[in-house]
Amino acid sequence: VNILSRDQKILGTSLAEQASKILLFDIFINNVDRTKIKPNMFSDGKNIYLFDHEKAFSFTLMFSKPDEPWKIQIFDLEHWISKHYFYNTFKGTIINIDDFIDSIKLIDESFWQKAENLIPSEWFDSKHFNDIKDYLSKIVINCDIFKSELERILK
């Protein structure tokens, strides 16, 4: 088991699909903390394992959240998305965004009810939870535009 090295080749390996999903998921949840300096993942050569999501849902810290979170802002692209560990790996390549979009479409009201029930009460913060739910639900509702935005920033 190794932390992925900065120069490790992902494309053309069994890890490529997992890596592309990690990139898309991190953009979806605004995980600004998976960089070349701090990858927060390791691999056994067959799977990639993620850890340390302390800066996921970074939009919860924003004073003013975007009205249209499904649109990827230039600021986000320049300040954290382009610094993502896998961004340069997949920039200019064709990846399967459709499967990712299909998976986020499953994040519906029943998902949020289950999530709320599974979070230990000592960890649960209703304001924080509702901020995350509202933000991500807006993206899910507008997932076709979000898909176009992902395609735009990766072409």
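Residues numbered from 1 in each chain as written. Predicted model: local features only at pLDDT ≥ 70, side-chain atom pairs only at ≥ 80, totals over all residues. Heavy atoms only, no water.

**With respect to the side chain of Ser43**
When you line up the elements, Ser43 lands in strand 2 (residues 41–43). Take Ser43: its relative accessible area is 6%, and that puts it in the buried class. Within the local environment of Ser43, its side chain forms a polar contact with the backbone nitrogen of Gly45, the two atoms lying 2.9 Å apart. (Helix = DSSP H or I, 4+ residues; strand = E, 2+ residues; numbered from the N terminus. Buried < 20%, exposed > 50% of the residue type's maximum accessible area, 1.4 Å probe, protein only. Polar contact = N/O pair within 3.5 Å; in protein donor to acceptor, adjacent residues only side chain to side chain.)

**Focus: the side chain of Lys133**
Secondary-structure assignment places Lys133 in helix 6 (residues 126–141). Among the polar contacts listed, one links the side chain of Lys133 to the side chain of Glu109, at a separation of 3.0 Å. Leaving out residues up to four positions away in the same chain, Lys133 has contacts with Glu109 and Trp112. (Contact = heavy atoms within 4.5 Å.)

**Examining unusual backbone geometry**
The phi dihedral of Asn40 is positive, around 55°, even though this residue is not glycine. Of note, Asn40 is situated in the loop between helix 1 (16–29) and strand 2. A positive phi is found at Phe57, a non-glycine position, where the angle reads about 55°.

**Quick notes on the environment of Lys155**
Topologically, Lys155 is positioned in the segment after helix 7 (143–154). Residues Lys155 and Lys91, 64 residues apart in the sequence, show an inter-C-alpha distance of 6.1 Å.

**Here we look at the nonpolar core**
Within the largest apolar cluster, 42 residues are counted, with the highest numbers of intra-cluster contacts made by Phe28, Phe86, Ile104, Leu136, Phe146 and Leu150. Taken together, the elements giving at least two residues each to this core come down to helix 1, helix 3 (87–90), helix 4 (97–104), helix 5 (109–118), helix 6 and helix 7. In terms of residues, this core owes the most to one element, helix 1, which gives eight residues. (Core = buried A, V, L, I, M, F, W, Y, C linked by side-chain atoms within 4.5 Å.)

**Comments concerning helix 4**
Looking only at helix 4, the buried set comprises Ile97, Phe100, Ile101 and Ile104. Down the axis of helix 4, the buried set is contained in an arc of 100°. They therefore lie on one face. On its buried side, helix 4 packs onto helix 1, helix 6 and helix 7. The N-terminus of helix 4 is capped by Asn96, whose side-chain oxygen sits 3.2 Å from the backbone nitrogen of Asp98. (Arc of directions from axis to C-beta.)

**Some details on the packing of aromatic side chains**
Summed over the entire model, instances satisfying the criterion amount to twelve aromatic pairs. Considering the side-chain rings of Phe42 and Tyr49, the 5.2 Å spacing of their centres and the 25° angle between planes classify their relative orientation as stacked. Relative accessible area serves as the criterion here: at 27%, Phe42 is assigned to the partly exposed category. An angle of 85° between the planes, with centres 5.7 Å apart, marks the rings of Trp112 and Phe129 as edge-to-face. Of the two residues, Trp112 is situated in helix 5 and Phe129 in helix 6; the sequence distance between them amounts to 17 residues. Accessibility assignment for this pair places Trp112 and Phe129 in one class, buried. A connected cluster of aromatic rings, assembled from ring pairs, spans Phe25, Phe28, Phe100 and Phe146. The residue whose ring lies beneath Lys36 is Tyr85, and the NZ or CZ to ring-centre distance is 4.6 Å. (Phe/Tyr/Trp six-rings, centres within 6.5 Å; stacked < 30°, edge-to-face > 60°. Lys NZ or Arg CZ within 6 Å of the ring centre and 35° of its normal.)

So, to be careful, I would describe these as geometric facts and stop short of saying anything about function.
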